[in-house]
Amino acid sequence: MKMVTRANLTAWLIAMIAAGFIEVDTVAAATYMVGDGLGWTVPSNVSYYQSWAASKTFMVGDKLSFNWTGTHNVAEVSKAEYDNCTKVVSILGSPGDIQLLKGGSHYYICTVDSHCQLGQKLSITVGSSTAAPTSPSNSASSTAFHSSVLVPAFITIACLNLLCHNTRH
Ligand SMILES: [Cu+2]
């Protein structure tokens, strides 16, 4: 087993923390208007919402905004309920915003009349924005990549420890 020095470990931990901050700062959550201009309704073809979803990349933290007029609703359902258009009791008023809190598959249907069978159903796959764990072997490139954050951080630390004390009287 390789020996890990305290300095290496500290640098690695700082890189991991910096990577976490960059994730929060740069990955902006998006809000998707389901069906765009059509909104959430019985579409003209049964695959309309699948086609709509196919051009999108959904990430954890994004929002789906369901907008409709008339008699519709939104229920988040299981895959089986989605496939069978099962009439579950889970109602959302328009406009209904749903934040995507978990990665993986999400299924939504309208439970009014036969709207689901007519294509008012949406299934999406949500990706997680969490980066894969950085192994020590590539921490060097990770540190370089995040140097824009690390450098100001180190300057701040240096200032607190040395420079600022010297300028005080
Ligand atoms: Cu409906």
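Look up a bit, the structure's there.
In this text, all values refer to a predicted model and were calculated from it rather than measured experimentally. (Residues numbered from 1 in each chain as written. Predicted model: local features only at pLDDT ≥ 70, side-chain atom pairs only at ≥ 80, totals over all residues. Heavy atoms only, no water.)

S.K.: Help me understand the overall build of the protein chain in this model?
M.R.: If you tally the helices and strands in the protein chain, you get five helices and seven strands. In the protein chain, the share of contacts with a sequence separation of at least 24, taken over all contacts with a separation of at least 6, comes to 73%. (Helix = DSSP H or I, 4+ residues; strand = E, 2+ residues; numbered from the N terminus. Contact = heavy atoms within 4.5 Å.)

S.K.: Would you explain the packing of aromatic side chains in this entry?
M.R.: In this description, a pair of aromatic rings is defined by centroid distance and the angle of the planes. Using the criterion set out here, one finds seven aromatic pairs in the structure. Ring geometry for Trp40 and Phe66: centres 4.9 Å apart, planes at 80°, overall edge-to-face. On the criterion of sequence distance, the pair formed by Trp40 in the loop between β1 (31-33) and α2 (48-54) and Phe66 in strand β3 (residues 63-66) is long-range, its members being 26 residues apart. For the residue pair Trp40 and Phe66, the accessibility class agrees, reading buried in each case. Ring centres of Trp52 and Phe58 lie 5.9 Å apart, and the angle between their planes is 45°; this geometry places the pair in the tilted category. Judged by relative accessible area, which is 5%, Trp52 ranks as buried. The lysine or arginine in question, Lys121, covers the ring of Tyr82, its NZ or CZ lying 4.4 Å from the ring centre. (Phe/Tyr/Trp six-rings, centres within 6.5 Å; stacked < 30°, edge-to-face > 60°. Buried < 20%, exposed > 50% of the residue type's maximum accessible area, 1.4 Å probe, protein only. Lys NZ or Arg CZ within 6 Å of the ring centre and 35° of its normal.)

S.K.: Can you walk me through the sheet that holds β1 in this structure?
M.R.: Each strand in a sheet pairs with another by means of backbone hydrogen bonds, the pair being arranged parallel or else antiparallel. Here we have three strands laid out as an open sheet, ordered β1-β3-β5, and mixed in their pairing. The open sheet has two edge strands with one neighbour each: β1 and β5 (96-99). Strand after strand, the sheet turns through a mean of 20° between neighbouring axes, direction not considered. As judged from the four bridges shared by β3 and β5, these two strands associate in the antiparallel manner. What sits directly across from Leu64, in β5, is Ile98. (Pairing = 2+ DSSP bridges. Axes fitted to C-alpha atoms, helices over the stretch in contact; angles between N-to-C directions.)

S.K.: How do you make sense of the nonpolar core when you look at a structure like this?
M.R.: Within soluble globular proteins, side chains that are nonpolar generally end up buried alongside one another. Of all hydrophobic cores here, the largest spans 19 residues; its most connected members are Trp40, Phe58, Leu64, Phe66, Tyr108, Leu122 and Ile124. Every element with two or more residues in this core is listed here: α2, β3 and β7 (121-127). Not counting chain neighbours up to four residues away, the residues in contact with Ile124 comprise Ala53, Phe58, Leu64, Leu100, Gly104, Ser105, His106 and Tyr108. Ala75, Val88, Tyr107 and Ile109 belong to the second largest nonpolar core, which has eight residues in total. (Core = buried A, V, L, I, M, F, W, Y, C linked by side-chain atoms within 4.5 Å.)

S.K.: How should I be thinking about the sheet that holds β7 in this particular structure?
M.R.: On the basis of which strands lie adjacent, the open sheet formed by four strands has the order β2-β7-β6-β4 and mixed pairing. Only two strands of the sheet have a single partner each, and these edge strands are β2 (58-59) and β4 (75-77). Judged from the two bridges that link them, β2 and β7 form a sheet pairing that is parallel. If you follow Phe58 over to β7, its bridge partner there is Val126.

S.K.: In this structure, what is going on with the side chain of Ser123? I would like to understand it.
M.R.: Mapping Ser123 onto the fold places it in strand β7. For Ser123, the contacting residues outside a window of four places in its chain are Gln50, Ala53, Tyr82, His106 and Tyr107.

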